[in-house]
Amino acid sequence: MQLTDSPKLFTTMWAIGTILFILVAGYILASVAKFVIRQQGGSRTLQEKTFLGYFFASPWILGFFIFVLGPSLMSLYWSFTNYRISEPIVWVGLKNYSDLMQDNRFITSMFNSLYMTVIGVPLQLAAGLGMAMLLNQKIRGQTAFRAIFYMPVLLASSTAVLFTWRLMLNPNNGVINTIFRWFNETPLYYLNASFIFLTELTSALLVALQIRNFTIVERILSNGFPGPERVPLWLGSEGLAFLWNKPSVVVIMMWSAGAMMIIYLAALSGVPQSLYEAAEVDGAGPWKRFRHITLPMIAPATFYNLIIGMIATLQIFEPAVTLVRDGGQNQSLYFAAYYLWRATFRFNQIGYGAAMSWVLLIIVLMMTFVQFKLSNRWVYYESE
Amino acid sequence: MTAVNNEQIIPVTTRSVRRRALNRTGRQRVIHTVSYLLAIGLSAVLVFPLFWMVSTSFKTMSEANAPKPVWIPAAPQLDAYAQIWANPDWLLYISNTVFVTIVAVGGTLISVTAVAYAFGRLQWPGRNFIFYLMLGTLMLPVQTTLVPQYVLFNWMGWIDTFNPITIPGFFAGGAAMIFLLRQFLMSIPRELDEAALIDGANQWQIFWYIILPLMKPAMVTVGLFILVGTWNSLQFPLIYLQSKGLHTLPIAILNLINPQATTQPWPLIMATSLIAVLPLIVIFMFAQRYFTESIVLTGSKG
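Because the structure is a prediction, the values reported are computed rather than measured. (Residues numbered from 1 in each chain as written. Chains lettered and ligands numbered in written order. Predicted model: local features only at pLDDT ≥ 70, side-chain atom pairs only at ≥ 80, totals over all residues.)

Peer 1: How would you sum up the overall build of chain A? Please name residues and give values.
Peer 2: From N to C terminus, chain A includes 17 helices and zero strands. Within the span of chain A, comprising 384 residues, buried residues form 42% of the whole. Within chain A, contacts between residues separated by at least 24 positions form 69% of all contacts whose residues are at least 6 apart in sequence. (Helix = DSSP H or I, 4+ residues; strand = E, 2+ residues; numbered from the N terminus. Buried ≥ 20, exposed ≤ 12 C-beta atoms within 10 Å, placed from the backbone. Contact = placed C-beta atoms within 7 Å.)

Okay, structure coming up:
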């Protein structure tokens, strides 16, 4: 029974201690800042303002040194060593980095993120925009609908809800494939079959690109158009299921597109109604109005959603643990966050994990930089 | 911006304008109805996983693993819930999760609010530099500091305690939360502070009596985000909470799956899942009216 009470007491004591530490350290930090300003001959009001500002901001400043800057510098050092906690540290130079470039699992996780960026994020954007446009019609009960559309965002990372998806996306007896089988008996079968064909082809193309071997694409093409007995393989673990694991995650991403919807709703409400009226008088149809007014006017929101969505694809973790067994068939759900966790904490390779986190950081910075460069071409800001 | 050309508006006669306006109201009513129906249909699709969770939790094992899915159990079973009730471990998991969430939300919310106040309301030398530094950390994936933080916590003897999951939040964890609160603070008119200053209030009183009460909607929103993040958190607990007595609900549910078996105890898994998800939904229903407004603000001014 002692385990039930003492850990909570332990953490409560630490919490109180931490608050006291922040107050004291913040007071010292703010006093030092005030002292510096006084030495520079700042006025009494300026000294007072400096003290207040640094005191209020001190939790973040202290946290930045303790939990971000310090650890980052340490990890930079460890990334050049073979640190494994229990053993002495040995300097290995760039070995971790060169190993990483040849590590098939790491490369797979990068390609998986690429798939999510190219296929998943745009589909999620489209879902978010669709929901936002629907709610922008000022329909009755808008607030209730907005809450319902947003709710999946809160649930999408929950183990509980991901298990529900695992149950529903079971290729054999899952409820979603049951619905697919209903439609397979109607003329809508062609829709199903095209969806299956397209999904397998795009997934296979990416796998082929990664292993530089196109037999899998040829196999899908030679199989031809799927017959009425075929259903999506979603979270299966046999046959071609590895082509379906990522599309399953995309489905869950689209289900939880509510966060993007909120951003789009704000952007849509900022588009002046007069633009639409003028265009309508000019005889522009709904598609033209969408294409030439709505899309350009909400481009900043799209840009914001895109950056956030892309960075999020590197951090997909829960699905790899909950939806499939050990990252899925052929590492189909290995993402950077999952592989990093696996290498570092299940196999204790601290040095290797540190190198991976630095490569990750560089990739995120590069992605963001490229996006900012590209955005000049298509993002329109009102203030410009 | 190519589609707009105002010159063509002029020759339209008043009569055709009126007819067009009439057509528009008729057409708009159709669009309105169709949108309404679409919204209802979409809501049903989005809520479906929750329905499936509830339905499965009342099934028998054979119904839950049947080759053809059973939509609604023939005779609702309470076995799964009885099993949870009979096992005191679940009470411990729930209390662990609640404890971790309360500590993390409390500490993070207080510190984040203070820091946002410094960035959004106070003038001090170095403010902009530190603010942009903070925005820069938004780009930093959590994973980059995961490894060195583990070593730090290991050195401090924090492994297998709740500390790594709760204490870092006290240092204003979450740059995005600070940013959201700061955006909200910027929208509160500055005249309020000035009027209070003239009336003889000091900065502490302004913060406590004027700004803090006005920040309620944004604080509810940020509190909800932190709450959901901590409640659902799986990666950190998997790393730091090793003994069973410390497990939170997400780990406990994860452990119900037996990777070797072909059939899983789905009714039990779904019943525990419902217990894990229900508090989030209830809290969201209370918080949602504050919530969308404050996010919209961040989006439009971000």
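Peer 1: Kindly report on the overall build of chain B, identifying the contributing residues and their values.
Peer 2: Secondary structure summary: chain B contains 14 helices and zero strands in total. When the helices and strands of chain B are listed from N to C terminus, the series reads α-α-α-α-α-α-α-α-α-α-α-α-α-α. Taken across its 302 residues, chain B has 41% of its residues classed as buried. The long-range fraction of contacts in chain B, counting pairs at least 24 apart against all pairs at least 6 apart in sequence, stands at 78%.

Peer 1: Account for the interface of chain B and chain A, with residues named and values stated.
Peer 2: With 98 residues of chain B in contact, the opposing surface of chain A contributes 102 residues. Ranked by residue count, the leading element in the side of chain B that touches chain A is helix α14 (residues 266-301) of chain B, at 15 residues. Residues of the side of chain B that touches chain A, tallied by class, amount to 64 nonpolar, 32 polar and two charged. (Nonpolar A, V, L, I, M, F, W, Y, C, P; charged D, E, K, R; others polar.)

Peer 1: Could you give me a rundown of the environment of B:A196, with the residues and numbers involved?
Peer 2: Residue and element names in this part refer to chain B. With respect to the element layout, A196 can be found in helix α9 (residues 191-198). As a C-alpha pair, A196 and S62 span 134 residues in sequence and 68 Å in three-dimensional space. Not counting the four nearest positions on each side in its chain, A196 is found in contact with A201, I206 and I210.

Peer 1: Outline helix α16 (residues 336-346) of chain A, listing residues and values.
Peer 2: Burial of α16(A) is extensive: eight of the eleven residues sit out of reach of the surface. Here α16(A) has its buried residues at A:A336, A:A337, A:Y338, A:Y339, A:L340, A:W341, A:A343 and A:T344. Where α16(A) is buried, its residues contact α4 (104-135), α14 (299-314), α15 (318-322) and α17 (350-378) of chain A together with α6 (142-155) and α12 (235-240) of chain B. Looking at the residues trailing α16(A), positive phi occurs at A:N348, about 55°.

Peer 1: Please provide a residue-by-residue account of the packing of helix α3 (residues 95-102) of chain A against α17(A), values included.
Peer 2: All names here are of chain A. Where α3 meets α17, the axes come as close as 9 Å, and the angle between the chain directions of the two elements is 70°. Relative to α17, α3 is oriented roughly perpendicular. Listed contacts from α17 to N96, Y97 and L100 of α3 are G351, Y352, A355, M356 and V359. By residue class, the composition of the contact of α3 with α17 is six nonpolar, two polar and no charged. (Axes fitted to C-alpha atoms, helices over the stretch in contact; angles between N-to-C directions. Parallel < 35°, antiparallel > 145°, perpendicular 65-115°, else oblique.)

Peer 1: Quick rundown of the nonpolar core? Include the residues and the values.
Peer 2: A:M261, A:Y264, A:F335, B:V115, B:I178 and B:V222 are the most contacted members of the largest nonpolar core, which has 162 residues in total. If sequence neighbours within four positions are ignored, A:F335 has contacts with A:S109, A:N112, A:S113, A:T313, A:L314, A:I316, A:F317 and A:A320. (Core = buried A, V, L, I, M, F, W, Y, C linked by C-beta atoms within 7 Å.)

Peer 1: Could you give me a rundown of the confidence of the model for chain B, with the residues and numbers involved?
Peer 2: Regions with low pLDDT carry predicted coordinates that are not meant to be interpreted in detail. Taken as a whole, chain B shows an average pLDDT of 85; of its residues, 88% reach a score of 70 or greater. Scored by ipTM, the complex comes to 0.88, with pTM at 0.87. (pLDDT = per-residue confidence, 0-100.)

Peer 1: Account for unusual backbone geometry, naming residues and giving values.
Peer 2: In this structure, A:R212 is a non-glycine residue whose phi angle is positive, near 50°. Locating A:R212 in the fold gives a position in the loop between α8 (189-211) and α9 (215-223). Residue class for A:R212 comes out exposed when judged on the 6 C-beta atoms lying within 10 Å of it. In this structure, B:D160 takes a positive phi of about 65° despite not being glycine. Considering the arrangement of structural elements, one finds B:D160 in the loop between α6 and α7 (163-166).

Peer 1: Residues and numbers for the environment of A:P228, please.
Peer 2: On the secondary structure map, A:P228 appears in the loop between α9 and α10 (245-255). Those residues in contact with A:P228 that sit more than four places away from it in its chain are A:N184 and A:Y189.

Peer 1: Explain the environment of A:F290 to me, and be specific about the residues and the numbers.
Peer 2: Counting through the fold element by element, A:F290 comes out in helix α13 (residues 286-297). Taking the C-alpha atoms as reference points, A:F290 and A:I28, separated by 262 residues in sequence, lie 56 Å from one another.

Peer 1: Lay out the packing of helix α11 (residues 258-269) of chain A against α14(A) in plain terms, naming residues and giving numbers.
Peer 2: For any two helices packed against each other, one specifies the inter-axial angle together with the distance between the axes. Residues and elements named next belong to chain A. Their axes nearest at 9 Å, the elements α11 and α14 cross at an angle of 160°. As the angle between them shows, α11 and α14 are arranged roughly antiparallel. Relative to α14, α11 is oriented so that their crossing is right-handed. Counted together, M260, I263, Y264 and A267 of α11 and P300, A301, Y304 and N305 of α14 form the full contact between these two elements. (Left-handed = near helix turned anticlockwise from the far one by under 90°.)

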